[in-house]
Amino acid sequence: MTADPRASDLYRRYMAADTAYREHAATCTACTRTEPSPGCRNGVRLHGSFSDLQAAYLNAL
């Protein structure tokens, strides 16, 4: 039996990063839901974290 990939710590961190970026983008006038504004340091940082964790999770699958 294989473990549910959603139970992994990496998955939880990936989803938390997604949530953090979406919450930021919902209130930031510069960032969009799918892409941070180059001028928004917080958006770039949050989206970068999300992107890195997403890539790590998908590579682990």
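Residues numbered from 1 in each chain as written. Predicted model: local features only at pLDDT ≥ 70, side-chain atom pairs only at ≥ 80, totals over all residues. Heavy atoms only, no water.

Attention shifts here to the overall build of the protein chain. Looking only at helices and strands, one finds 2 helices and 0 strands in the protein chain. Scored against the burial criterion, the 61 residues of the protein chain give a buried share of 31%. Surface summary for the protein chain: the accessible area is close to 4,400 Å², and the carbon and sulfur share equals 54%. (Helix = DSSP H or I, 4+ residues; strand = E, 2+ residues; numbered from the N terminus. Buried < 20%, exposed > 50% of the residue type's maximum accessible area, 1.4 Å probe, protein only. Areas by Shrake-Rupley, 256 points an atom, 1.4 Å probe, with all protein chains shown as cover.)

This next bit is on the pattern of salt bridges. This structure, assessed with the given rule, holds 2 salt bridges. In this structure, the salt-bridge partner of aspartate 9 is arginine 13, at a minimum N-O distance of 3.7 Å. Of this pair, aspartate 9 and arginine 13 both sit in helix α1 (residues 9–27), separated by 4 residues, roughly a single helical turn. Residue classification places aspartate 9 among the partly exposed positions, given a relative accessible area of 46%. The exposure class assigned to arginine 13 is partly exposed, which follows from its relative accessible area of 43%. (Salt bridge = Lys/Arg side-chain N within 4 Å of Asp/Glu carboxyl O.)

A word on the nonpolar core. Counting 7 residues, the largest nonpolar core consists of Leu10, Tyr11, Tyr14, Ala17, Phe50, Leu53 and Tyr57. Looking at this core, the elements with two or more residues in it are α1 and α2 (41–60). The element best represented in this core is α1, accounting for 4 residues. (Core = buried A, V, L, I, M, F, W, Y, C linked by side-chain atoms within 4.5 Å.)

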